[in-house]
Amino acid sequence: MSLPSSVDIAIIGAGAAGLGAANALKDSGLSVIVLEARMRVGGRGYTIMAAPDITFDVGCGWLHSADQNSFADIAGQLNFAIDKTRPPWREQSFDTGFPLAQRIDFIKALDAFYDRAEEAAKSGRDFAASTYLEPGNRWNPMIDAISTYVNGTELDQVSIQDMDAYEDTGINWRVRRGYGALMAAYGAHCPLALNTEVTLIDHSGKRVRIETSRGTLIARKVIVTVPTNLIANESIRFHPALPAKVEAARGLPLGLADKVMLALEEPEALPKDGNLRGATMRTAMGSFHLRPFGQPCIEGFFGGSFAQQLEDTGGGALAAEAIDEIVTLLGSDFRRKLKPLAESRWAHDPFARGSYSHALPGHAGKRAVLAAPIDGRLFFAGEATSPNFFSTAHGARDSGERAAGEVVALATK
Ligand SMILES: Cc1cc2nc3c(=O)[nH]c(=O)nc-3n(C[C@H](O)[C@H](O)[C@H](O)COP(=O)(O)OP(=O)(O)OC[C@H]3O[C@@H](n4cnc5c(N)ncnc54)[C@H](O)[C@@H]3O)c2cc1C
């Protein structure tokens, strides 16, 4: 779409939040444009066909808290089938390297850690979640590994108040054709300007002036949905500057999670929707979903500083690490049976610079600071602004709808 010279509402970013806002404004009577830097919609929701028979969600894949997840209803409306197979995260296929007795012991230690952190959060004071690891517990490195998957970072970087605020109903579903594909369908009828990177939001005058890679436009109001790391490092700037927003974004950095997809020969040897943990006594390890949806593949997941280290090593490092870990567990035959298809590099992605937000210790209150509108003209959405579903796609979508509601409430006053 060509860039209009002026609109009522400019939405910056066509991820779940931006699309949530655009859909909510559809019948508002206001003119709307979504300005998106990439050549596609979905942001951190992105489905590719890694092979003709392998669907790969490079970003979000699970409808977390599925019974309260607004994308579950949207999937129904758009005829996207939902798979309700339970996630295998607490299993270890064939018991290999991690027998049942050890798994029970580990889950006990993990749950006890969460209980201690939850109890501590009741004081209202904030500390790093790592404070509540039991000194000397053999499972501490693996509890930290779980944090790298869930938070994208190790527990010493995670606020217990933020951890406590997160709502998880424990129900997790998937979209068979891909979460990213669902988002793309959800955005299909939104007014979009792709390949349009916003560099400056000038709110010094009566109207907001937006500078982009494709020219300048004027808007009455703006909804900003870009990831926190881009506000924090000021790759998108405001004039006059908004130091409180930059500070809030810095308190809510994006952690890192990366995925790798491996094609699998002779897939019937492995269980459908099985699971393997690469190792049990260290934090730097992958987690492997065997044959997701029964597809002939293994999907690997890495998080935190280990994912960063693998990304920094260069393309192919995630696949090489995943294959080494799987071979250690299942035998050298698997070196021949596995072929790298695709891997993510979210930290190196200039329009994300990470995977999902966590609050640093002492910064849990920053989600509300980031979400607050400014001057009735600048509004903020995105997963990091969600009070209890942060770090998720549905939290992002709902935040976009919330920001759209704030805009409409003011427009009708
Ligand atoms: C590997 C991985 C696994 C995940 N797994 C899950 C999961 O299983 N379940 C779940 O619910 N969530 C998961 N998430 C998190 C989820 O994907 C995100 O929380 C959600 O998609 C964020 O949506 P958003 O709209 O807030 O941000 P984004 O999707 O990042 O959207 C922001 C948009 O702004 C655009 N943009 C950036 N800068 C500019 C600019 N200057 N000008 C114009 N446009 C700009 C970006 O290109 C992007 O499209 C995962 C994420 C990753 C990376």
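Shown above is the structure to which this text applies.
Not measured: the values here are computed from a predicted model.

Draft legend 1. Focus on the sheet that holds strand β15 (residues 274-277). The antiparallel open sheet is built from five strands, whose spatial order is β15-β16-β17-β14-β18. Across the chains shown, the open sheet's two edge strands, defined by having one partner strand only, are β15 and β18 (338-343). Taken over all neighbouring pairs, the strand axes of this sheet differ in orientation by 25° on average, direction set aside. Across five bridges, strand β14 (residues 257-264) lies against β18 in antiparallel orientation.

Draft legend 2. Examining the environment of P350 more closely. Mapped onto the secondary structure, P350 falls in the loop between β18 and β19 (356-357). On the basis of relative accessible area, P350 is assigned to the partly exposed category, the value being 43%. Remark: the alpha-carbon pair of P350 and A37, spanning 313 residues in sequence, is separated by 9.7 Å.

Draft legend 3. Layout of the nonpolar core. Core analysis: the largest hydrophobic core is formed by 36 residues, its most contacted members being I9, I11, L25, F71, L182 and I223. Elements with a minimum of two residues in this core: β1 (6-12), α1 (16-24), β2 (32-35), α2 (70-77), β7 (173-175), α6 (179-187) and α13 (393-411). Ignoring anything within four residues of it in the chain, the contact list for L182 reads F71, I74, A75, L78, F80 and V175. F306, A319, I323 and I326 belong to the second-largest nonpolar core, a separate cluster that totals 34 residues.

Draft legend 4. Fine view of the packing of helix α9 (residues 304-313) against helix α10 (residues 317-330). Contact pair α9 / α10: the axes reach a minimum separation of 8 Å and the direction vectors enclose 120°. Considered as vectors, α9 and α10 are oriented oblique to each other. Mapping the contact onto sequence places F306, L310, E311 and T313 in α9 and A317, L318, E321 and E325 in α10. Classifying every residue of the contact of α9 with α10 by side-chain character gives four nonpolar, one polar and three charged.

Draft legend 5. Molecular detail of the pairing of strand β4 (residues 54-57). Residues I54 and F56 line one face of β4 and the alternating positions T55 and D57 line the opposite face, and both faces are buried. The sheet contact formed by strand β3 (residues 47-51) and β4 spans four bridges and is antiparallel. Paired with I48 across the two strands is F56, which belongs to β4. The turn joining β3 and β4, which pair antiparallel and follow one another in sequence, is formed by two residues.

Draft legend 6. Structural context of the state of the cysteines. For the structure on display, the rule yields zero disulfides. The structure places no disulfide on C60, whose sulfur is separated from the nearest cysteine sulfur, that of C190, by 16 Å.

Draft legend 7. Inspection of the packing of α2 against α6 at higher detail. The N-to-C vectors of α2 and α6 enclose an angle of 70°; their axes lie 11 Å apart at closest approach. It follows from the interaxial angle that α2 and α6 lie roughly perpendicular. Relative to α6, α2 is oriented so that their crossing is left-handed. Of the residues in α6, those in contact with F71, I74 and A75 of α2 are Y179, L182, M183 and Y186. In the contact of α2 with α6, the residues fall into seven nonpolar, no polar and no charged.

Draft legend 8. Examining the side chain of D202 more closely. Note that D202 resides in strand β9 (residues 198-202). Overall, D202 belongs to the buried group, its relative accessible area being 11%. Within the structure, D202 has its side chain in polar contact with the side chain of S204 (distance 2.5 Å). With residues near it in sequence (within four places) discarded, D202 still touches R207, V208, R209 and H239.

Draft legend 9. Main features of the packing of aromatic side chains. One pass over the full model with this rule turns up twelve aromatic pairs. Summarising the aromatic geometry, the rings of F71 and Y186 are spaced 5.7 Å apart at their centres and angled 80° between planes, so their arrangement reads as edge-to-face. Taken together, the positions of F71 in helix α2 and Y186 in helix α6 put the pair 115 residues apart, joining distant regions of the chain. For the pair formed by F71 and Y186, the shared burial category is buried. Ring plane angle 80° and centroid distance 6.0 Å describe the contact between F288 and F302, whose orientation is recorded as edge-to-face. Here F288 is found in strand β16 (residues 287-290), whereas its partner F302 is found in strand β17 (residues 297-303), with 14 residues between them in sequence. Accessibility assignment for this pair places F288 and F302 in one class, buried. One aromatic cluster in this structure is built from F71, Y179 and Y186. Across from the ring centre of F380, 4.2 Å away, lies the NZ or CZ of K245, which sits over that ring. The ring centre of F390 lies 3.7 Å from the NZ or CZ of R367, which sits over that ring.

Draft legend 10. Local environment of the site of the ligand. As a structural note, the neighbourhood of the ligand is formed by 37 residues, with E36, R44, W62, V198 and A393 the closest of them. A37 has a polar backbone atom sitting 3.1 Å from a nitrogen atom of the ligand. In this structure, W62 approaches the ligand through a main-chain N or O atom, which is 2.8 Å from a nitrogen atom. Burial of the ligand by the protein amounts to 98% of the accessible area it has alone, namely 1000 Å². At the level of elements, α1 and α13 are the ones that each hand at least two residues to the shell around the ligand. Broken down by class, the residue content of the shell around the ligand amounts to 19 nonpolar, 13 polar and five charged.

Conventions adopted
Residues numbered from 1 in each chain as written. Predicted model: local features only at pLDDT ≥ 70, side-chain atom pairs only at ≥ 80, totals over all residues. Heavy atoms only, no water. Pairing = 2+ DSSP bridges. Helix = DSSP H or I, 4+ residues; strand = E, 2+ residues; numbered from the N terminus. Axes fitted to C-alpha atoms, helices over the stretch in contact; angles between N-to-C directions. Buried < 20%, exposed > 50% of the residue type's maximum accessible area, 1.4 Å probe, protein only. Core = buried A, V, L, I, M, F, W, Y, C linked by side-chain atoms within 4.5 Å. Contact = heavy atoms within 4.5 Å. Parallel < 35°, antiparallel > 145°, perpendicular 65-115°, else oblique. Nonpolar A, V, L, I, M, F, W, Y, C, P; charged D, E, K, R; others polar. Disulfide = S-S within 2.5 Å. Left-handed = near helix turned anticlockwise from the far one by under 90°. Polar contact = N/O pair within 3.5 Å; in protein donor to acceptor, adjacent residues only side chain to side chain. Phe/Tyr/Trp six-rings, centres within 6.5 Å; stacked < 30°, edge-to-face > 60°. Lys NZ or Arg CZ within 6 Å of the ring centre and 35° of its normal. Near = heavy atom within 4 Å. Areas by Shrake-Rupley, 256 points an atom, 1.4 Å probe, with all protein chains shown as cover.

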